[in-house]
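The primary structure of each chain is shown beneath.
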Amino acid sequence: MPRKPKIVALEAAGPVPASLPPDDVVQAVAAVLRPAIRMLLRSGIDYPRLAAELKWLFIEEAVAEIGRSGQAGTDSAISLLSGVHRKDVRNWRLGGRPPAAARPVALSARVFARWISQAEYLDAEGRPRALARTGAAPSFEALVRTVTHDVHPFTVLQELIRLGIASVEIQDGGEIVVPGSDFVPPAGSREALDLLAANLADHATAAVSNVLGGPPTLEQSVFAAGITAASAERLQALARSLWVRTRNEMIEEASRLYEADRELPEARMRVRFGSYFWSGPWEPALPDPPDDSPRDEEP
């Protein structure tokens, strides 16, 4: 029989919702974890390896939760709340593990963001246009210089080509840098994993905050079922079109606000705004049988 999760009373650190049914919470988290477990298995990471990492996560989050409640973070309190043995809590406290270093936004992503949002680098339809590799603005060299003077534009170009985000063509005897359709790193790359971690972590944080009664934050989606594959493809094309328009508007306003706020001592906030689309097979739930339908009888 599976173990029932322990319920540990903590003083509320803020507004909290009605008690969440533990079994329902576990089922919801299991649904969220399923695609992550698929990726782990395909990467050769088994349950013991994941369980070892989860142990430290449970300890760290228990410490944070106890701290929010204003209670003393003793080994016993951490062990009781997390379910991790006191010996492991003590080992964590003595040795711990170094916190993951914050990974800055990649320079290549920042350059691409400028490319798709600055008017002088866009064509008449608002799409990023091909640029001369060198020379005065608008050129790729000038574009990079609007972001950094510490890295040579050719180095940035090599990175964009490696990621499949740009290419170089020869036109009229000169080199032209051609943009890709979007900033989508290659499958299996370090950059793709960084995006997965950053996007899903912040999405989950917003959703969990709403469930736990935090300040209401945007976390919505549109769901449709019972449509054909062709219809799903049309909806995906619409979603991409809507995203491009919204993304460009958000980048433009975020850039303006950043320039206005960057010197202020209280400029300590970060935001992430995203969009996603997924389609896959759907099996409708079977209707309940009518009262007069045949049923198995107990002998």
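For the structure, check the block above.
Residues numbered from 1 in each chain as written. Predicted model: local features only at pLDDT ≥ 70, side-chain atom pairs only at ≥ 80, totals over all residues. Heavy atoms only, no water.

### Notes on the overall build of the chain
For the chain, the helix and strand inventory stands at 9 helices and 3 strands. When the elements of the chain are put in sequence order from the N terminus, they spell out α-α-α-α-α-β-α-α-β-β-α-α. Taking all 299 residues of the chain together, 17% fall into the buried category. Looking at the chain as shown, the accessible area adds up to about 22,600 Å², and 58% of this sits on carbon and sulfur atoms. (Helix = DSSP H or I, 4+ residues; strand = E, 2+ residues; numbered from the N terminus. Buried < 20%, exposed > 50% of the residue type's maximum accessible area, 1.4 Å probe, protein only. Areas by Shrake-Rupley, 256 points an atom, 1.4 Å probe, with all protein chains shown as cover.)

### Regarding the pattern of salt bridges
Going through the model one piece at a time under the given rule, you end up with 10 salt bridges. When the shortest N-O distance is used, the salt bridge between Asp 202 and Arg 272 registers 2.6 Å. Here Arg 272 lies in the segment after α9 (229–261) and Asp 202 lies in helix α8 (residues 190–211), a separation of 70 residues in the sequence. Look at Arg 272 and you get partly exposed, because its relative accessible area is 44%. (Salt bridge = Lys/Arg side-chain N within 4 Å of Asp/Glu carboxyl O.)

### Side note on the side chain of Ser 79
Within the secondary structure layout, Ser 79 lies in helix α3 (residues 75–82). For Ser 79, a relative accessible area of 13% translates into the label buried. Ignoring sequence-local partners within four residues, the contact set of Ser 79 consists of Val 84, His 85, Arg 86 and Val 89. (Contact = heavy atoms within 4.5 Å.)

### Looking at helix α1 (residues 22–42)
Taking 1.5 Å per residue, 21 residues should reach 30 Å; α1 reaches 30 Å between its end C-alpha atoms and fits that length. Along α1, the sharpest change in direction is near 40 degrees and occurs at Leu 33; proline Pro 35 comes one to four residues later. Positive phi shows up at Gly 44, right after α1, with a value of about 80 degrees. (Expected span 1.5 Å × (residues − 1). Bend = angle between axes of the 7 residues up to and from the residue.)

### As for the sheet that holds strand β1 (residues 131–132)
One open sheet holds the 3 strands; their spatial order is β1-β3-β2, and the pairing between them is antiparallel. Only two strands of the sheet have a single neighbouring strand rather than two, namely β1 and β2 (166–171). The sheet contact formed by β1 and strand β3 (residues 174–179) spans 2 bridges and is antiparallel. Residue pairing across strands places Ala 132 opposite Ile 176, the latter belonging to β3. Along the sheet, helix α7 (residues 153–162) makes contact with β2 and β3, crossing β2 at roughly 110 degrees. (Pairing = 2+ DSSP bridges. Axes fitted to C-alpha atoms, helices over the stretch in contact; angles between N-to-C directions.)

### Things to note about helix α4 (residues 86–94)
Residues spaced three or four apart along an α-helix face the same direction, because each turn holds 3.6 residues. Taken as a whole, α4 has its buried residues at Asp 88, Val 89 and Trp 92. Buried residues along α4 cover an arc of 105 degrees about the axis, so they all sit on one side. The inward-facing, buried residues of α4 contact α2 (47–69) and α3. (Arc of directions from axis to C-beta.)

### Topic: unusual backbone geometry
In this model, Ala 137 is joined to Pro 138 through a cis peptide bond whose omega is 0 degrees. Mapping Pro 138 onto the fold places it in the loop between β1 and α6 (140–145).

### Digging into a nonpolar patch on the surface
On the surface, Leu 20, Val 25, Val 29, Leu 33, Ile 37, Leu 41, Val 208, Val 211 and Leu 212 cluster together to form a nonpolar patch covering roughly 720 Å² of accessible area. When residues of the nonpolar patch are traced back to their parent elements, those giving at least two are α1 and α8. With 5 residues, α1 is the largest single contributor of residues to the nonpolar patch. Here Ile 37 shows up in helix α1. (Patch = residues over 30% accessible without salt bridge, like charges linked within 9 Å, V, L, I, M, F, W, Y side chains within 5 Å.)

### Observations concerning the environment of Leu 40
Relative to the assigned elements, Leu 40 resides in helix α1. Contacts of Leu 40, omitting those with residues within four sequence positions, involve Ile 45 and Leu 50.

### Observations concerning the packing of aromatic side chains
Going through the model one piece at a time under the given rule, you end up with 3 aromatic pairs. Put simply, the rings of Phe 112, Trp 115 and Phe 140 touch in pairs and so form one group of aromatic residues. Positioned above the aromatic ring of Trp 56, the side-chain terminus of Lys 55 is 5.9 Å from the ring centre. (Phe/Tyr/Trp six-rings, centres within 6.5 Å; stacked < 30°, edge-to-face > 60°. Lys NZ or Arg CZ within 6 Å of the ring centre and 35° of its normal.)

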